[in-house]
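Coordinate inspection notes
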Amino acid sequence: MGGLEKKKYERGSATNYITRNRARKKLQLSLPDFRRLCILKGIYPHEPKHKKKVNKGSTAARTFYLLKDIKFLLHEPIVNKFREYKVFVRKLRKAYGKSEWSTVDRLKDNKPSYKLDHIVKERYPTFVDALRDLDDALSMCFLFSTFPRTGKCHVQTIQLCRRLAVEFLNYIIASRSLRKVFLSIKGIYYQAEVLGQPVTWITPYTFAHDHPTDVDYRVMATFTEFYTTLLGFVNFRLYHSLNLLYPPKIDGQADVELKPAEGKEYAMDSESYLEKLSALSASLARVVAPTHEDEVEMDEFPVEGETAEQMDARKKEQEALEKHKKLFEGLRFFLNREVPREPLAFIIRCFGGQVSWDKSLCIGATYDVSDPSITHQIVDRPRVEQQVVGRYYLQPQWVFDSVNAKLCLPVVDYFPGVLLPPHLSPFVTEQEGDYVPPEKLKLLAMQRGENPDEESEEEEEEEEEEEDENDKEEEEEEEDESEKEEEMKLKKMEEQKTQSNKALPVKVTAGKLRLEDKQRLEQEQQSEEKRLAIMMMKKREKYLYKKIMFGKKRKVREANKLAAKRKAHDTAVKEEKKKSKKARRA
Amino acid sequence: SFFTTSPRHPGVHLLETVSPALTPLPSAPLQDIRNTVGNIPMEWYQDFPHIGYNLEGKKIYKPIRNKDELDMFLEKMENPDYWRTVQDKMTGADIKLTDEQVDLVHRLQKGQFGDVHFNPYEPAVDFFTHEVMIHPVTNRPADKRSFIPSLIEKEKVSKLVHAIKMGWIKPRKPKDDTPTYYDLWAHEDPNSILGRHKMHVPAPKMKLPGHEESYNPPPEYLLSEEEKLAWEQQEPAERKLNFVPQQYRCLRAVPAYSRFIHERFERCLDLYLCPRQRKMRVNVDPEDLIPKLPKPRDLQPFPTTQALVYRGHTSLVRCLSISPSGQWLVSGSDDCTVRFWEVCTARCMKTLPVGGVVKSVAWNPNPTICLVAICVDQSVLLVNPCLGDKLLYGATDQLLESYVAPEEERVQPVQWVTATMEEHSKGVRLVVQHSKAVKQVTWHGKGDYFASVVSDNSNMQVLIHQTSKRWSQNPFRKSKGLVQCVLFHPIRPYFFVATQRYVRVYNLLKQELTKKLMTNCKWVSSMAIHPGGDNIICGSYDSKLAWFDLDLSTRPYQLLRHHKKALRSVAFHKHYPLFASGSDDGTVIVCHGMVYNDLLQNPLLVPVKVLKGHAMTLDLGVLDVLFHPTQPWVFSSGADGTIRLYT
C-alpha cells in the first residue's frame, strides 16, 4: 500500500474545533474583548462529541468553539471598533495626564461608537426568530429598568430599558396578547402570545435591590446592550403590525382627558411623557384611526385532512380565546395604594377592564374612589373600614387566578382578610401519572362547567356530621368491646386449665380450605415471565430499560409523597376544626 | 579593632597615591615609596613578594610579616596604639593614624563635612528682590515685532476663515445618543442563514415555574423540617429546587427575592459560557425493549417446583451423579462420605465413608455396568454400589475380576490397586492412585474409558484411563494452563479441555487440536455438552454463561448474565431441550435451549424458571446441578448439606 502516512488529528473533528485561547489569539483580542464579542454575536462554546479526539488525545478540561464561528468573527466590523476604542482610551488618558483639556474635549466628541443593528439582523434572520429569543431580553430589560439611577450602570441604559419595557407592555395591552400570569416568590411571571410565539418574562417585585458583590455587572451590561437593540427593533415592528405609532403616542382623546386631572403642577410635558405612558391607563394613537367595522371576520378555510371534529375543536378553542381576551370587559377596577399598581393595571387593561387609582399615587388616574360605577376594588389590607355598596372588595390574587382560570372566579374566597386559596402555577400541565393538587382538579371541573364546590362542601359537612356520630358510636363500642374482651380472657384461662390437665403434645387441627386467587396467580406468572424476559435483554438495552424504569418509579414516588403530605395536612386541619368546634360547643 | 577590620577607609585618595594627610610619618625612612601601580585591585599582587613599583621602576617589596595569630593577639593586647594602626594597602606598611586623622574619620562616620571650618548654613542672598528698584536691570528697548500683528498668525487665521467660507470646516454637531429604530426585518429572507451554520444550537429556554414557586402554594409543596435541613445540607448545584418554597398569607407580605440578580446573571453566564451540545432524547416505550420470547408455558415440560429434599450430609455437597436408569443418585460431600440415594423416595440407601473430601463423583453411563468413579484426595475409587438388579452388579464384578494382567509390565503415570478385603466389602473395587490430588473425573459414553483431572501445573494434569485393561495414559505432552474440567464428546472421538479462559477441543483419533473456543470469561468453572454434540455451555466464576455453537464460531453464540454471583455448575438434559445453571447466589436457573436440526436456524435460548430453595452458607449457594436422565427433573446440591429435586 502506497501513499503518505496519515497523521493523527489533522482531519475530522480535531480540525473543526478551536480552543478558547487559540481563538483569542487568532482574533488578536484581549479576553474581556473576546467575551464581549461572543456575547454580542451570540457565539457560544460547543461540547464536541468525542472530546479526546478534539483535544488531540489529552483529557484536560478545555472549552471549544467551532472554528467556523471564530472565522465568522474575523470579519466582524465591531472588532475594529474595539481596537479603536482601546486607542481612544489611551489618547484620552494621555491628554488627561498632560492636562490638555481642549484635546480631551475633542477626543470625547469623537469617541468611537458602534451599532448593533447588523448583528441583530444576522442573529435573527426572520422576525419570528427574534420573537422566539425574546424571553431573556425582556427579563433583563425589566430588571435593568428597576435599577437605581446611581452607580452600577449608565443612566442612559436604565432609561432606555425602562422606555422599551413600557413600550412593550403597551403593545401587549393594545394587542391583548397576555395569556398567563403567576405570582411567584421570585417575582411576577407573565406569558404572552405574540404572533403565535409564547413569550415569557419575569419582573422583580418593586423593592430596592440589594446589589450582590459577586456579580459581574459588565457582563450583564453587555447583554443588555444587545437586548435593548433587539427589543427596540422588535417593538418597532410590533407597533407597526398593529398600525400604532412608534415611538408611541398617547391617543389624543385620552390625552385631553388626562390633562385637567394632572394640571401644570406635575412636570414638564417632555418629562411626564414616559410616565404617562408607563401609567398604562391610556390607549395609544394609531396611524390610521381604527373603525370598528375594520375588524373583518376571518374566512375559514378547511385544512385538508382535517376531520369535522378537529375543526370544531379548533373553532371552540378560537372562541374560548376570544372570550378570554374580553375577560374583564365592562368591569371597572380601582386599585388601593397598597397593591402593586403597575402589574395589576397592566393585567386588567390586557383583558379589557378599566382601571384607576388614587390621583396622588401616580399620574394617569382616570376616576376617583368615590365613582359609583366601580365594580371591583382591589384591596390588600386585613379589613376595609368604609365599604361602598355595589362593589366587590377583593384581594389582588383574584385578578391573577381569574386570568389563569380564563373565567371570573367566584369572589367569596378572595374577600379581604380571608385565608386565600392556594395560588397555582398556570405553566404546569399535568401528564398522566403526575400529582395534581385538589385545587387544580376543582378548577378544571369549574372550567368544564360543573360546580363541584357546593357538592364538596355539602359532602364535607355531611362527613363531619357522620364522623361526629361515629365518634359517639365508637366510644360506646369501645366500652362494649372491653367487656367482651374480659369475657374472652376468662374463657381462655379456663380452657388453658383444662388443657393442662389433659397435657397431650400432639393435636389434630382441622385443615383450612386454601382459596387460590386466580387473578393473583396469573399476575404473578406474568411478572415472572417479564422478569425472565428482562434477563435475556442485551446489556445496553437492559441499562436503558433500568434507567427508564428508575425514572418512572421516582416520578410515582414523588407523586405519592405529595399526595400523602396533602392527606396528612388535610386531616390535621380537619382535626383542628373539630377541636375548635368542640371548644365552641363547650 | 574597627580599623583592623576595615582598613580601606584611608584609601579614599588612592589615585593620588598618598594624600597629604597620609604622608608617611616622620619616623618612617625618608625615601619615596609611592606606588605607581595605580587604582587596581591589590589582590593581583597577592602571590608576589612585591606589591608594586616605585617612581624609579624598582619593586616595592612587601614588609616582612611573619606574625601568626598569637602574635597578632599579643600585639592587640599590648600595643596601646593598636586601634589606630591601619595597613596601607598600596605599600603594605602599618600606619599609625594621627589624632587629626582619627577626628576626620569620626566626623565622616557621623555624616559631617570633612572640613571643620565649612559652614553649610550660611545666610542666602537673593539676586532678584521683590522690592521695586528705581533702575531697570537691563535697559534694552522693546522689539518692533512685539507691537505689530504677527504675519504668520494672520496667515493661519485667513486660512481658517477661507476654510469656513468654503464650508470645509463645520461647527461640531452635538451627538444624539438616542438610538433610532426602523423596520429591520422589512426584507427578511427566511432562507438566509447569514454566516451561521447548521451546527447552531439555540439556547434552551428557562424552565417555567411550578406550583412550588408560588407565593401561596398548596400546603403539600412546602418543605417539612427534615426536608428543609436536607436542602440546606445539599450542595447548591445538587439541589432540585434553588429556593425554599414559602407561603405568605397575602401579596402584601411577599418580600423581594434576594437572588433575583444572581439568577439573571447565572442565566447570562449560561448563555455565553456554557458549552452546548445537541442531545437526542431516547423516546422509547420500555416495554418495547423487552425481547419478545415464547412464553415459558409453551415450552413445558421443565422443572417448576421443589419436590424432594435429600437430607443426610453434614457438610457441603460438592458433587452429584445419577445412574443411567435414573433410579439411584450418588452424592459426594465435604463430610468425607459418599451417599447413595433412591431418587423417588429420597431415602439414603448406603453411606460410604471414604476418608477424604469428595471432589467429584461420576456414575458409569453404560447401563450394563454398575460402577461409580469417586475422586478422593489423590485417588480415584471405582465403586460398585451393589444397588438395583443383582444380575447387573454381579456382572460388573465379574467383568472387573476377569482382568488378566499383561505379561510385560508397562510404565504408567498412575498405580492401579485392587481393593483390600475390607474395602471390597464396602463396595470399592479398584483404586487408581495418582501422584497429586484429583479434581474431577468423567466417563466416556461407552463406559470403559474415564478421564481424571489432577490439580497440577505440569503436562500430567489430564489422564485417560481404561478400566477393562487397567491402563492409563497421559494424552498431552505440554501443559496449556490450569485445566478446570474435561469432557468427552457423547458421540464422536472428541475431547474437551477447559482451561481458565479457553476450551480446547482435541480429536482423540488424530491426536490433534481441532478447535480453541474463546469463552470471553475470566475463569471457567464448569462445562457441559449438548447431547447432540454441537453445542457447549460454559459457566464461569464471573457469573456468565457462554453458549457455543461449535459449527458457528469459536466465540460464544450468546453470553448470558442471568446469575448475580459466580456459576458453579451447568448441565444439559439428555432428551429435553433444557439446560440449568447453579450459582453462588443460591438459585438454579433452568433455560430452554432448543437446537434445531436446520443448520441455518440459530439455537433458541429462553430462561423458563428460577428455582430457589438452597440456603446460603459460607457465601455459597448451589454447588452442583444435574438433570434426571429421562424425566424433566433437576437435582441441585447445595452448601447447606442438602440435595433438592425439582420437578
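Within every chain, residues take consecutive numbers counted from 1 along the sequence as written. Labels follow written order: the first chain is A, the first ligand is 1, and so on. Since the coordinates come from a predicted model, pLDDT governs what is reported: local features require at least 70, and pairs of side-chain atoms require 80 or more to be given and counted, while whole-chain, interface and lining totals use all residues. Side-chain figures throughout are based on the complete set of non-hydrogen atoms in the structure, without hydrogens or water.

As annotated in an unreviewed UniProt entry, chain B carries the name BOP1 protein and comes from Haliaeetus albicilla. Recorded in UniProt for chain B, the comment headed Function (unreviewed entry) runs: "Component of the PeBoW complex, which is required for maturation of 28S and 5.8S ribosomal RNAs and formation of the 60S ribosome." Turning to chain B, the UniProt annotation filed under Subcellular location (unreviewed entry) states: "Nucleus, Nucleolus". UniProt positions are given in the numbering used here, feature names are shortened, and annotations may be inferred rather than shown by experiment.

**Here we look at the overall build of chain B**
Runs of E in the DSSP output that reach at least two residues are strands. Runs of H or I that reach at least four are helices, and both are numbered from the N terminus. Within chain B one finds nine helices and 33 strands. Remark: exposure states derive from per-residue accessible area (1.4 Å probe, protein chains only) relative to the maximum for the residue type, with buried under 20%, exposed over 50%, and partly exposed in between. Within chain B, buried positions represent 41% of all 647 residues. Residues count as neighbours in contact if any of their non-hydrogen atoms are within 4.5 Å of one another. Partitioning the intrachain contacts of chain B with sequence separation of at least 6 by distance along the chain shows that 48% fall at a separation of at least 24. Accessibility throughout is a Shrake-Rupley quantity obtained with a 1.4 Å probe, and a residue counts as covered only by protein chains that appear here. With the model as given, the accessible surface of chain B reaches about 38700 Å², and the carbon-plus-sulfur share is 55%.

**Thoughts on the sheet that holds strand β5 (residues 197–203) of chain A**
Residue and element names in this part refer to chain A. Strand order across the open sheet formed by three strands is β3-β4-β5, with antiparallel pairing between neighbours. Bordering the open sheet on either side are β3 (178–183) and β5, each of which pairs with just one other strand. Each strand of the sheet is rotated relative to its neighbour by a mean of 15°, with strand direction disregarded. What makes two strands pair is DSSP finding at least two bridges between them. Across five bridges, the pairing between β3 and strand β4 (residues 188–194) is antiparallel. With axes taken as lines fitted to C-alpha atoms, and helix axes fitted only over the stretch in contact, angles between N-to-C directions fall between 0 and 180 degrees.

**Quick notes on empty space enclosed by the protein**
Empty space among the atoms becomes apparent when a probe as large as a water molecule is rolled across them. Residues and elements named next belong to chain B. Grid points spaced at 1 Å and placed over the protein atoms alone form the basis of the search, with a cavity being a set where a 1.4 Å probe fits but cannot get out and a pocket an open set showing protein on both sides within 12 Å along at least five of seven lines. Lining residues have an atom within 4 Å of a point. Grid points are joined across faces, edges and corners, and a volume is the space filled by probe spheres set on the points. Using the criterion set out here, one finds six cavities of 30 Å³ or more in the structure. Estimated volume of the largest cavity: approximately 100 Å³. Together, 14 residues line the largest cavity, and Phe 476, Lys 478, Lys 480, Val 483 and Val 497 are the ones closest to its centre.

**Re the environment of Gly 312 of chain B**
Along the chain, Gly 312 of chain B turns up in the loop between β5 (306–311) and β6 (317–322). The partly exposed category is assigned to Gly 312 of chain B, whose relative accessible area is 30%.

**So, the pattern of salt bridges**
Here, a salt bridge means any Lys or Arg side-chain nitrogen found within 4 Å of an Asp or Glu carboxyl oxygen. Considering all chains together, one arrives at 40 salt bridges over all chains under this definition. Ionic pairing is found between Arg 267 of chain B and Asp 136 of chain A, a salt bridge with its closest N-O pair at 2.9 Å. Within this pair, whereas Arg 267 of chain B is found in helix α6 (residues 260–273), its partner Asp 136 of chain A is found in helix α10 (residues 134–144), the two belonging to separate chains. One salt bridge connects Arg 492 of chain B with Asp 534 of chain B, and the closest N-O pair in it is separated by 3.8 Å.

**Regarding the side chain of Arg 429 of chain B**
Residues and elements named next belong to chain B. Within the element layout of this structure, Arg 429 appears in strand β14 (residues 428–433). Since its relative accessible area comes to 8%, Arg 429 is described here as buried. Filtering out sequence-adjacent residues up to four positions away, Arg 429 remains in contact with Leu 382, Val 383, Asn 384, Cys 386, Asp 397, Leu 400, Val 417, Thr 418, Ala 419 and His 424.

**Re the packing of helix α2 (residues 20–27) of chain A against helix α3 (residues 31–41) of chain A**
Residue and element names in this part refer to chain A. Where α2 contacts α3, the two axes come as close as 10 Å, and the packing angle between them is 95°. When the interaxial angle is binned, α2 and α3 end up roughly perpendicular. Of the residues in α3, those in contact with Arg 20, Ala 23, Arg 24 and Leu 27 of α2 are Leu 31, Phe 34, Arg 35 and Leu 37. Any residue that is not Ala, Val, Leu, Ile, Met, Phe, Trp, Tyr, Cys, Pro, Asp, Glu, Lys or Arg is counted as polar, Gly included; the first ten are nonpolar and the last four charged. A class-by-class count of the residues in the contact of α2 with α3 yields five nonpolar, no polar and three charged. In these notes the angle categories are as follows: under 35 degrees is roughly parallel, over 145 is roughly antiparallel, 65 to 115 is roughly perpendicular, and the rest is oblique.

**Things to note about the sheet that holds β6 of chain B**
Residue and element names in this part refer to chain B. Strand order in the open sheet formed by four strands is β6-β7-β8-β9, with antiparallel pairing between adjacent strands. Bordering the open sheet on either side are β6 and β9 (347–353), each of which pairs with just one other strand. With direction set aside, neighbouring strand axes in the sheet form an average angle of 20°.

**What about the confidence of the model for chain A?**
All names here are of chain A. pLDDT measures how confident the predictor is about each residue, on a scale from 0 to 100. Of all residues in chain A, 83% have pLDDT values of 70 or greater, and the mean over the chain is 82. Of the regions scoring below 50 in pLDDT, residues 260–265 engages in three contacts with residues more than four places distant in sequence or in other chains. Segment residues 291–296: pLDDT under 50, and zero contacts once partners within four positions in sequence are set aside and those in other chains are kept.

**Regarding unusual backbone geometry**
All names here are of chain A. Residue Pro 247 is bonded to the preceding Tyr 246 through a cis peptide linkage, with omega at -5°. The phi dihedral of Gln 28 falls on the positive side, at around 55°, and the residue is not glycine. With respect to the secondary-structure elements, Gln 28 resides in the loop between α2 and α3. Among the residues examined, Gln 28 registers a relative accessible area of 64% and is labelled exposed. Positive phi outside glycine occurs at Arg 176, with the angle close to 50°. Looking at where Arg 176 falls in the secondary structure, it is placed in the loop between α11 (155–175) and β3.

**A look at the pairing of strand β7 (residues 328–333) of chain B**
All names here are of chain B. Burial runs high along β7: six of the six residues are buried. Bridge analysis of β6 against β7 gives five bridges, and the strand direction is antiparallel. The residue bridging Ser 321 from the neighbouring strand is Val 330, located in β7. The turn linking β6 back onto β7 is made up of five residues, and Gly 326 within it adopts a positive phi angle of 85°. Of the strand pairs in this sheet, β7 and strand β8 (residues 337–342) are connected by five bridges, and their pairing is antiparallel. Along β8, the bridge assignment pairs Gly 332 with Val 338.

**Comments concerning the interface of chain A and chain B**
A common way to express how large an interface is: the accessible area buried when the components associate. Each partner contributes to the interface: chain A provides 121 residues, whereas chain B provides 92 residues. Accessible area, probed at 1.4 Å, shrinks when two parts are joined; the buried area is that loss added up over both. A buried area of about 9200 Å², summed over both sides, lies between chain A and chain B, and 63% of it is on carbon and sulfur atoms. Of all residues in chain A, Ile 185, Lys 186 and Met 536 of chain A give up the largest surface area on contact with chain B, accounting jointly for 10% of the area buried on that side. Our count for the chain A to chain B interface comes out at twelve salt bridges. Close ionic contact of Lys 530 of chain A with Glu 287 of chain B constitutes a salt bridge, the shortest N to O distance being 3.4 Å. In protein, a polar contact means a hydrogen-donor-capable atom and an acceptor-capable atom, both N or O and within 3.5 Å, with residues adjacent in sequence counting only if both atoms are side-chain atoms; elsewhere, any N or O pair within 3.5 Å suffices. Scanning the region where chain A abuts chain B turns up 35 residue pairs in polar contact (both at pLDDT 80 or more).

**What to know about the UniProt feature "repeat: WD" (unreviewed entry) in chain B**
With numbering matched to this structure, UniProt assigns "repeat: WD" (unreviewed entry) to residues 310–351 and 560–590 of chain B. Secondary structure within residues 560–590 of chain B divides into 0% helix and 55% strand; the distance between the first and last C-alpha atoms comes to 12 Å.

**Describing a positive patch on the surface**
Residue and element names in this part refer to chain A. Here a patch means residues that are over 30% exposed by relative accessible area and free of salt bridges, tied together within 9 Å if like-charged and within 5 Å if nonpolar (Val, Leu, Ile, Met, Phe, Trp, Tyr). In this count, Lys and Arg are taken as positive residues and Asp and Glu as negative ones, while His and the chain termini are left out. In plain terms, the charge of a residue is placed at NZ if it is Lys, CZ if Arg, CG if Asp and CD if Glu. A cluster of basic residues, Arg 83, Lys 86, Arg 90, Lys 91, Arg 93, Lys 94, Lys 98 and Arg 106, forms a positive patch on the protein surface. In terms of residues, the positive patch owes the most to one element, helix α6 (residues 77–98), which gives seven residues. Relative to the helices and strands, Arg 83 is located in helix α6. For Arg 83, a relative accessible area of 32% corresponds to the partly exposed category.

**Thoughts on the nonpolar core**
Formed by 126 residues in total, the largest nonpolar core has its most connected members in Leu 178, Trp 201 and Phe 346 of chain A. When residues of this core are assigned to their parent elements, the largest contribution, 13 residues, is made by helix α12 (residues 217–241) of chain A. Each residue touching Leu 178 of chain A, except ones within four places of it in the same chain, is listed here: Ile 172, Tyr 190, Gln 191, Ala 192, Trp 201, Phe 346, Ile 347, Cys 350 and Phe 351 of chain A. For the purposes of this section, nonpolar cores are sets of buried Ala, Val, Leu, Ile, Met, Phe, Trp, Tyr and Cys residues that join through side-chain atoms within 4.5 Å. Counting residues in each nonpolar core, the second largest holds 21 residues, with Trp 328, Val 338, Val 372 and Val 431 of chain B among its members.

**Some thoughts on the packing of aromatic side chains**
Centres within 6.5 Å make a pair out of two Phe, Tyr or Trp rings, where for Trp the six-membered ring is used; the pair is then stacked when the planes are under 30 degrees apart, edge-to-face when over 60, and tilted otherwise. On inspection of all chains with the given rule, the structure shows 43 aromatic pairs over all chains. Taken together, a centroid distance of 6.4 Å and an interplanar angle of 40° make the contact between Phe 333 of chain A and Trp 398 of chain A tilted. Here Trp 398 of chain A lies in helix α17 (residues 397–405) and Phe 333 of chain A lies in strand β6 (residues 332–335), a separation of 65 residues in the sequence. Judged by relative accessible area, Phe 333 of chain A falls into the buried class, the value being 0%. One aromatic cluster is present, formed by Tyr 124, Phe 223, Phe 226 and Tyr 227 of chain A together with Tyr 272 of chain B through successive ring pairs. For a Lys NZ or an Arg CZ to count as sitting over a ring, it must be within 6 Å of the ring centre and within 35 degrees of the ring normal. Above the plane of the ring of Phe 226 of chain A lies Arg 123 of chain A, whose end atom (NZ or CZ) is 4.2 Å from the centre. The ring of Tyr 44 of chain A carries Arg 276 of chain B above its face, with NZ or CZ at 3.7 Å from the centroid.

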